[in-house]
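# Residue-level structural notes
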Amino acid sequence: ELPPINADFYNVDEKLSPEDRALQLKVRNFMEKEIQPIVNEYWLHDEFPFEIIPKIAELNICGLTYEGYGCAGRSSLMEGIIASELARIDASVATFFGVQSGLAMGSIYLCGSEAQKEEWLPKMQQMKVIGAFGLTEPEVGSGAAGGLTTTCRKTENGWILNGQKKWIGNATFSDITIIWARDVDDDQVKGFIVKKDTPGFSVEKIKDKMALRIVQNGLITLNECIIDEKDRLQEANTFKDTARVLQMTRAGVAWMAVGCARGAYENALDYTRKRKQFGKPIASFQLIQNHLVEMLSNLTAMQTLVFRLSELQDSGQLKDEHASLAKVFCSLRTRDIVSKAREVMGGNGILLEYNVARFLADAEAIYSYEGTKEINSLIVGRSITGFSAFV
Ligand code: FAD
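This section reports on the structure supplied with the text. Counting restarts for each chain, with residues numbered from 1 along the sequence as it is written. Reporting in this predicted model follows two pLDDT cut-offs: at least 70 for local features of residues, and 80 or more for side-chain atom pairs to be given and counted; totals over whole chains, interfaces and linings ignore these cut-offs and use all residues. In computing side-chain values, all of the structure's heavy atoms are included and hydrogens and water are not.

### What about the overall build of the protein?
Numbering of helices and strands starts at the N terminus; helices are DSSP runs of H or I of at least 4 residues and strands are runs of E of at least 2. Assigned secondary structure in the protein consists of 11 helices and 11 strands. The C-alpha radius of gyration computed for the protein amounts to 21 Å, which stays within 12% of the reference 21 Å derived for 391 residues, consistent with globular compactness. Across its three principal directions, the C-alpha atoms of the protein cover 80 × 45 × 40 Å. Here the protein displays about 17100 Å² of accessible surface, and carbon together with sulfur accounts for 52% of that area. Every radius of gyration here is taken over C-alpha atoms, with the globule rule written as 2.2 Å times N^0.38, N being the number of residues. Areas reported here follow the Shrake-Rupley algorithm with a probe of radius 1.4 Å; residue values treat only the protein chains shown as occluding.

### As for the site of the ligand
Each residue is tested against the molecule or strand, and it is near if at least one of its non-hydrogen atoms lies within 4 Å. Taken together, 19 residues surround the ligand, and among them Phe133, Thr136, Ser142, Thr372 and Glu374 come closest. Under this definition, polar contacts are N or O atom pairs within 3.5 Å; protein pairs additionally need one hydrogen-donor-capable and one acceptor-capable atom, and for neighbouring residues in sequence, both atoms have to be side-chain atoms. Tryptophan 167 is positioned with one of its backbone polar atoms (N or O) 2.9 Å from a nitrogen atom of the ligand. In this structure, threonine 372 approaches the ligand through a side-chain N or O atom, which is 2.6 Å from an oxygen atom. About the coverage of the ligand: the protein hides 65% of its 980 Å² of free accessible area. When grouped by side-chain class, the residues that make up the shell around the ligand number 9 nonpolar, 8 polar and 2 charged. Each residue is assigned to one class: nonpolar for Ala, Val, Leu, Ile, Met, Phe, Trp, Tyr, Cys and Pro, charged for Asp, Glu, Lys and Arg, and polar for all the others, Gly among them.

### A few points about the packing of helix H4 (residues 91–111) against helix H7 (residues 239–274)
Here an angle of 0 to 180 degrees is reported between the N-to-C directions of two axes, which are lines fitted to C-alpha atoms, with helices fitted over the stretch in contact. Remark: H4 packs on H7, axes separated minimally by 9 Å, with the N-to-C direction vectors making an angle of 155°. Considering their axes alone, H4 and H7 lie roughly antiparallel with respect to each other. Two packed elements cross with a definite hand, and for H4 against H7 that hand is right-handed. Seen from H4, the contacting residues are Ala91, Ala94, Thr95, Gly102, Leu103, Gly106, Ser107, Leu110 and Cys111; seen from H7, they are Asp241, Arg244, Val245, Leu246, Met248, Thr249 and Met256. Broken down by class, the residue content of the contact of H4 with H7 amounts to 9 nonpolar, 5 polar and 2 charged. Any angle from 65 to 115 degrees is called roughly perpendicular, while one under 35 is roughly parallel, one over 145 is roughly antiparallel, and all others are oblique. In this scheme the crossing of two helices becomes right-handed for a clockwise turn of the near helix relative to the far one and left-handed for an anticlockwise turn of less than a right angle. Any pair of residues with heavy atoms lying within 4.5 Å of one another is described as a contacting pair.

### Quick notes on the pairing of strand S9 (residues 217–227)
Successive side chains on a regular strand alternate, one facing one side of the sheet and the next facing the other. At least two DSSP bridges between two strands are required for those strands to pair. Note: strand S5 (residues 158–169) against S9, 8 bridges, orientation antiparallel. Considered in S9, the bridge of glycine 169 is made with asparagine 217.

### As for the environment of lysine 280
Summarising the element assignment, lysine 280 is placed in strand S11 (residues 280–281). Leave out the neighbours within four places in its chain, and lysine 280 touches Arg275 and Phe285.

### Some points on the nonpolar core
Only buried Ala, Val, Leu, Ile, Met, Phe, Trp, Tyr and Cys residues count toward a nonpolar core, and they belong to the same one when joined by side-chain atoms within 4.5 Å. Each residue's exposure class comes from its accessible area (1.4 Å probe, protein chains only) as a fraction of the maximum for that residue type: buried when under 20%, exposed when over 50%, partly exposed otherwise. Counting residues in hydrophobic clusters, the biggest one holds 111 residues, and the most contacted among them are Ile56, Ile82, Phe96, Phe97, Ile108, Met127 and Trp180. For this core, the element with the highest residue contribution is H7, accounting for 19 residues. Leaving out residues up to four positions away in the same chain, isoleucine 56 has contacts with Phe30, Ile61, Val93, Phe96, Phe97 and Met127. Counting residues in hydrophobic clusters, the runner-up holds 15 residues, among them Cys152, Trp159, Val194 and Cys225.

### Describing helix H5 (residues 114–125)
Multiply 1.5 Å by the residue count of a helix minus one, and that product is the helix's expected span. Compared with an ideal rise of 1.5 Å per residue, which puts 12 residues at 16 Å, H5 spans 16 Å between its outermost C-alpha atoms and is within 8% of the ideal. Within H5, the full set of buried residues consists of Gln116, Lys117, Trp120, Leu121, Met124 and Gln125. The buried residues of H5 all sit within an arc of 125° when viewed along its axis, so they share a single face. Among the exposed residues of H5, those pointing more than 90 degrees away from its buried face are Ala115 and Glu118. Think of the arc as the fan of directions from the helix axis to the C-beta atoms.

### Details of empty space enclosed by the protein
Only protein atoms enter the 1 Å grid, on which a cavity is a set of points fitting a 1.4 Å probe that cannot get out and a pocket is an open set with protein on both sides within 12 Å along at least 5 of 7 lines, lining residues being those with an atom within 4 Å of a point. Grid points are joined across faces, edges and corners, and a volume is the space filled by probe spheres set on the points. Within this structure, the stated rule accounts for 1 cavity of 30 Å³ or more. If you add up the space inside the largest cavity, you get close to 140 Å³. Lining the largest cavity are 13 residues, with Asp13, Ser84, Trp255, Arg262 and Gln303 sitting closest to its centre. The set of elements that each furnish at least two residues to the lining of the largest cavity consists of helix H3 (76–89), H7 and helix H8 (286–314). Considering only residue class, the lining of the largest cavity consists of 6 nonpolar, 3 polar and 4 charged.

### A few points about the pairing of strand S3 (residues 131–134)
Judged by which residues are buried, S3 turns out to be covered on both faces: Gly131 and Phe133 on one side and Ala132 and Gly134 on the other are all buried. Of the strand pairs in this sheet, S3 and strand S6 (residues 176–183) are connected by 4 bridges, and their pairing is parallel. Residue alanine 132 lies in a different strand from S6, and its bridge partner there is threonine 177.

Set out below in structure tokens:
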């Protein structure tokens with residue numbers, strides 16, 4: 001009789017309240033039963049499973065940490081656990097959810113007026129309105145803080161937006177997209193809630209991605225779009241406000257990396273116990289065990305790190321450099337874990353049906369989005385040395 005596969009080696013889950021544990025298991029069960037069976041097919045065909053949206057909405061996990069507006073007001077820790085549970089089965093579904101619940105709702109929650117929150121958050125919580133977050137541009141990625149070329153200009157009829165946004169998750173079908181643009185008058189970054197039927201707003205799907213293929217990323221063009229003042233995020237006055245959203249979502253991405261690594265590790269461990277070579281399970285070979293232990297060591301370090309990260313968040317102590325350190329460490333270690341998981345599975349490791357190939361590919365996107373390793377490292381570097389290497 002083999003021991004059960006236990007990827008929570010230090011029993012971190014023991015620290016959860018019974019209520020949190022119940023929600024964790026509910027989400028895990030949903031992901032295993034409803035998402036696992038369909039995910040490879042959608043990933044292969046580069047399509048989004050729209051039928052899952054009402055099912056995820058029913059779990060009542062969207063906008064989990066926000067107070068009011070139909071949101072549950074639960075802890076950041078619980079939100080992190082959910083991100084990890086989603087990514088443990090599929091990082092694309094976790095990303096779709098992160099864009100909706102974190103980036104899009106978070107922009108409105110953190111930077112919107114009372115009226116804007118009341119107008120959008122309850123519908124987004126129920127996932128009846130789907131959101132996207134448009135910061136990155138074709139020529140501006142890491143340098144978004146000072147370099148946005150999408151412009152906004154105030155006129156008598158409202159604001160006029162011009163420019164392009166690239167890589168925008170959910171944008172091909174989102175009802176609203178948060179667009180970040182530079183004001184030509186005061187040179188500051190402002191945010192806008194742009195509805196999909198706005199004249200001059202168009203989206204082209206980015207095709208042939210080799211990672212997160214279920215996520216529908218769009219190239220957005222804004223051509224003389226007129227946006228009412230009431231749809232400008234009233235509390236977004238500089239890029240520092242955009243960064244408040246990113247601090248929160250980067251912490252979520254660290255948790256997603258943990259889930260992705262865990263899914264790969266569990267699949268790989270299971271495989272090595274069943275696969276026989278030289279008349280024995282390959283899990284009995286010393287060199288395979290060494291790989292598995294290295295994977296588990298990294299996974300355990302990540303799990304304990306993100307747990308503390310969320311404690312900092314929940315006690316109001318989280319700083320940009322905390323979120324950045326966790327995002328760098330976890331996405332880097334995840335890249336290593338998924339690659340080892342692939343390795344111990346031999347040729348089958350590159351077949352979609354064995355479930356690890358998808359994690360291997362998806363880890364590349366997690367590694368680069370929400371700030372690359374270099375950019376998040378420079379945020380930490382600035383905080384520990386006192387010197388900014390950005391400019
Ligand atoms: P670049 O900025 O061109 O960077 C290229 C390389 O140069 C990187 O290795 C980078 O680290 C390095 N580099 C840049 N500057 C420095 C420096 N100062 N010092 C050292 N190295 C440096 N954006 C959104 O706004 N909304 C979304 O929903 C969204 N979803 C995404 C989904 C996916 C699947 C992907 C891949 C991206 C998504 N993005 C989204 C964009 C993402 O945030 C950017 O890809 C990321 O910020 C990096 O920008 P870039 O790709 O333009 O790379």
